[in-house]
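Examination of the molecular architecture
Each chain, letter by letter, is given below.
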Amino acid sequence: MDGPIVPDDLLERAEGHETLSDLLENETKIIDILEEHAGDDGGFTKIEIHSDGVELKKEPRGILSHPDREYLWGFREYQHPQSESNRKKEIRERVGYGLKDFIYLDQFLDDEERERIFQEEFDEEELQDSITSLVAFVYLGLQQDEAWFEELLERGILHGANSETQERGAGEATDVTVSIDIEYNPDVESLTQRLKDGDHLTPAEIGVLARAGELDPSDLERLEDTKSPSTPMTFQVERD
């Protein structure tokens, strides 16, 4: 394994902790150990825990610098609020300019070089995690506006479909349709609180509470008394 190796006592300290963040909360001295074995510049970018030790792998910087990554991981702390504010500002600027750089990559990077990025710089799991995180980051950055996200995906796919046409038999792509349909589990706790507060619940919401076993006879009587005379209250209760 390349890169500095942290002694086995770090792995022993990690026993019983499910995540690295959990470990950090319970053993603050780990930060000193990591810094001691991180290298002359104090920069490391990837942590791998193996059966025979913990490895801190050095990787080239991408959009984020080494200090940026350490700060986001919680391995770099600042005594002065202004220093931390400056770090956050630098991260925002780097990410912003990094996204703008995709305009240059799209227009000027050779096709062969683009293909080599996806073939040589990632293994399958890294590629999946990276693209998933990118999509999630953009979706959240757009304030979870599904219509806007769909529009941007359609524009991007259409542009990409017409960027390379030599190896396909079809002509120019003229339209792309992206439809996002997200299903959420009902928030039973929130609905229960709304019921206690006397808020109006729709028949569907009442049905959710009934199936979750959160309605007692007094609730049913109160709901029956407050329902609209012209709209019968019907819902199904699943029984074992």
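As a convention, each chain's residues are numbered from 1 in the sequence order in which they are written. In keeping with the predicted nature of the model, local features appear solely for residues at pLDDT of at least 70, side-chain atom pairs appear and are counted solely at 80 or more, and the whole-chain, interface and lining totals rest on all residues. Heavy atoms from the whole structure form the basis of all side-chain values; hydrogens and water molecules are not counted.

1. Focus: the nonpolar core
In plain words, nonpolar cores are sets of buried Ala, Val, Leu, Ile, Met, Phe, Trp, Tyr and Cys residues tied together by side-chain atoms within 4.5 Å. Classification of residues uses two cut-offs on accessible area relative to the type maximum, computed with a 1.4 Å probe and protein chains only: under 20% is buried, over 50% is exposed, and between them is partly exposed. Listed in full, the eight residues of the largest apolar core are Leu 191, Leu 195, Leu 201, Ile 206, Val 208, Leu 209, Ala 210 and Leu 215. Per the convention used, a helix needs a DSSP run of H or I reaching at least four residues, while a strand needs a run of E reaching at least two, with both numbered from the N terminus. Of all elements in the fold, only α9 (188-196) and α10 (203-211) reach the threshold of two or more residues within this core. Broken down by element, this core gets its largest block of residues, four residues, from α10.

2. Considerations on the pattern of salt bridges
Whenever Lys or Arg places a side-chain nitrogen within 4 Å of a carboxyl oxygen from Asp or Glu, that contact is recorded as a salt bridge. Applying the stated criterion to the full structure yields ten salt bridges. Among the ionic pairs, Asp 68 bridges to Arg 94, the shortest N-O distance being 2.7 Å. Here Arg 94 lies in helix α5 (residues 81-108) and Asp 68 lies in helix α4 (residues 66-73), a separation of 26 residues in the sequence. Of the residues examined, Arg 94 reaches a relative accessible area of 23% and is grouped as partly exposed. One salt bridge connects Arg 87 with Glu 90, and the closest N-O pair in it is separated by 3.1 Å. With Arg 87 and Glu 90 both in helix α5 and three residues apart, this pair spans about one turn of that helix. According to the relative accessible area criterion, Arg 87 is buried, its value standing at 13%.

3. Regarding α4
For α4, the set of buried residues is His 66, Asp 68, Arg 69, Glu 70 and Tyr 71. Here, two residues are considered to be in contact whenever any of their heavy atoms come within 4.5 Å of each other. On the buried face of α4, the contacting elements are α5. In the stretch just after α4, Gly 74 is the one whose phi turns positive, near 90 degrees.

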